[in-house]
Amino acid sequence: MGNELAGKVAVVTGAATGLGSAMAERFAAEGAHVVVGDIDADRGAAVARRCGAQALFRTTDVADPEQIAALADLAVRRFGGLHIMCNNAGISGKMHRSILDDDFADFHRVMSVNVLGVMAGTRLAARHMSEHGGGSIINLSSVGGVQAGGGVLAYRASKAAVIHFTKSAAIELAQYDIRVNCIAPGNIPTDLLAKASTTMSPEKAERMTRAMREMMNQDRPLAREGTPEDVAEAAVYFAGDRSRYLTGTVLTVDGGTTAGKPLRARRSDPAANGTAAAPAGTS
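Residues numbered from 1 in each chain as written. Predicted model: local features only at pLDDT ≥ 70, side-chain atom pairs only at ≥ 80, totals over all residues. Heavy atoms only, no water.

The protein is annotated in an unreviewed UniProt entry as SDR family NAD(P)-dependent oxidoreductase of Nocardia testacea. We quote the UniProt Sequence similarities (unreviewed entry) comment for the protein here in full: "Belongs to the short-chain dehydrogenases/reductases (SDR) family." (UniProt positions renumbered as here; feature names shortened; annotations may be inferred.)

### Regarding the nonpolar core
Of all hydrophobic cores here, the largest spans 31 residues; its most connected members are Phe27, Val34, Ile138 and Ile183. Counting only elements with at least two residues in this core, the list comes to strand S1 (9-13), helix H1 (18-29), strand S2 (33-38), helix H2 (41-51), strand S4 (84-87), strand S5 (135-140) and helix H8 (228-239). Per-element tally for this core: the top contributor is H8, with 7 residues. Excluding anything up to four places from it in sequence, Ile138 contacts Phe27, Ile84, Met85, Cys86, Asn87, Asn181, Ile183, Ala235, Phe238 and Ala239. Counting 30 residues, the second-largest nonpolar core is a separate cluster that includes Ala126, Leu173, Ile178 and Cys182. (Core = buried A, V, L, I, M, F, W, Y, C linked by side-chain atoms within 4.5 Å. Buried < 20%, exposed > 50% of the residue type's maximum accessible area, 1.4 Å probe, protein only. Helix = DSSP H or I, 4+ residues; strand = E, 2+ residues; numbered from the N terminus. Contact = heavy atoms within 4.5 Å.)

### With respect to the pattern of salt bridges
Taken as a whole and judged by the stated rule, the model has 9 salt bridges. Between Arg109 and Asp61 there is a salt bridge, with the nearest N and O atoms lying 3.3 Å from each other. Taken together, the residues span a long stretch of sequence, with Arg109 in helix H4 (residues 107-129) and Asp61 in the loop between strand S3 (55-59) and helix H3 (65-79) at a distance of 48 residues. Note that Asp219 is salt-bridged to Lys261, the shortest N-O span being 3.1 Å. Linking Asp219 in helix H7 (residues 202-219) with Lys261 in the segment after strand S7 (250-253), this pair joins segments that are 42 residues apart in sequence. For Asp219, a relative accessible area of 26% puts it in the partly exposed group. (Salt bridge = Lys/Arg side-chain N within 4 Å of Asp/Glu carboxyl O.)

### With respect to a nonpolar patch on the surface
A grouping of Ile99, Leu100, Phe104 and Phe107 is seen on the molecular surface, where their side chains present a nonpolar patch of about 440 Å² in accessible area. With respect to the helices, strands and loops of the structure, Leu100 is situated in the loop between S4 and H4. Overall, the relative accessible area of 78% leaves Leu100 in the exposed class. (Patch = residues over 30% accessible without salt bridge, like charges linked within 9 Å, V, L, I, M, F, W, Y side chains within 5 Å. Areas by Shrake-Rupley, 256 points an atom, 1.4 Å probe, with all protein chains shown as cover.)

Written out as structure tokens, the structure reads:
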């Protein structure tokens, strides 16, 4: 850890757990003042305490633009500015067997949190940054917004919308020296997958989660599993001066998942024989 963000003020939404807490804590470790926002008051306050004296927590539902405005105002009022806005808060929606069974009952909530929350957070931060020398806005999407697939369709649609919105906002805000970039994580253990299976029994949900994790592991070229800290590393890069010429960028932090299928030796092929391994999926 260094001092890469010393003197900067950051807001992180959805920071009570998972990727958000990792980013908030990493920003603080790099010297930034951090305002943590989340609907989970207990865990959000705990994250702020772990960040130290340079952090504050405020209960925030990003589906309400007025609450995001209050979060940004708190950052400016208490720490004197707003240089980094990390629109991370997101929900998965409920998983259904297929689109034929999806009643879209959670569509509006998913879109309000995942899309409206990002748009409102970007707008609120940009209003301040445009008058104070610019800044960095980081929006969280997902590989589900990059690659098509079945299940949680509203979630996938919302994350694709975040990518397109990020690029559009980057074009509009470049004139104010505001950089708007996007991180699309994939195959990183968080509680988002478990929350998507709340309609199932605990036992079935656990089996499904294990099966999907195993499938993700098989689809990832890099052998090791990603961590929230890997995403936090990318966020620090976008937040700091090293990325001052980057805007409108979508960075997939997914172990190569969106690049293509892994090429791995078959377990039955002894390496000692010197036999070339067949690409996965070939015979």
